[in-house]
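# Structural characterization, general
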Amino acid sequence: MLGFVWGFLFLDPATPEPLRRYILQAGYFLVFAFVLCGAARLARFNITENPMPRNPGRPDRKYFVGLPIPAAAAMVASVVYFFGSEPLVYWPFVCGWLVLLACCPT
């Protein structure tokens, strides 16, 4: 919710309507995909018979697979905090937020 409300909801109404509509649709999709990827990652370890993945490195080392859900949420929250919690209104910044959400490895 934070990623959508801060990044997309307050888009400047003066933005051309087709561009505004495409940005909002992409925002809905990417925020949904962000949550879906997090849920799929959690489900992956809940349904496996042997939740211990193969260790490709040294046998005495433990490692973590993927980006943990709290770290992904912290990435979103830290970007919002960095920008002073002021919602994005200028469409190029909103497009940058789209790219950042799309590239975040959940």
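Residues numbered from 1 in each chain as written. Predicted model: local features only at pLDDT ≥ 70, side-chain atom pairs only at ≥ 80, totals over all residues. Heavy atoms only, no water.

Glancing now at the packing of aromatic side chains. Any pair of aromatic rings gets described here by the distance separating the centres and the angle formed by the planes. One pass over the structure, following the stated rule, counts six aromatic pairs. Note on tryptophan 6 and tryptophan 97: the rings are 5.0 Å apart at their centroids and 85° apart in plane angle, and the pair reads as edge-to-face. One end of the pair, tryptophan 6, is in helix H1 (residues 2-9); the other, tryptophan 97, is in helix H4 (residues 91-103), with 91 residues separating them in the sequence. In terms of burial, tryptophan 6 and tryptophan 97 fall into one category: buried. Ring centres 5.4 Å apart and planes at 90° place the aromatic pair phenylalanine 82 and phenylalanine 83 in the edge-to-face group. Overall, phenylalanine 82 belongs to the exposed group, its relative accessible area being 69%. Accessibility expressed as a relative area gives 46% for phenylalanine 83, which makes it partly exposed. Through successive ring pairs, a cluster of aromatic residues spans Trp6, Phe82, Phe83 and Trp97. (Phe/Tyr/Trp six-rings, centres within 6.5 Å; stacked < 30°, edge-to-face > 60°. Helix = DSSP H or I, 4+ residues; strand = E, 2+ residues; numbered from the N terminus. Buried < 20%, exposed > 50% of the residue type's maximum accessible area, 1.4 Å probe, protein only.)

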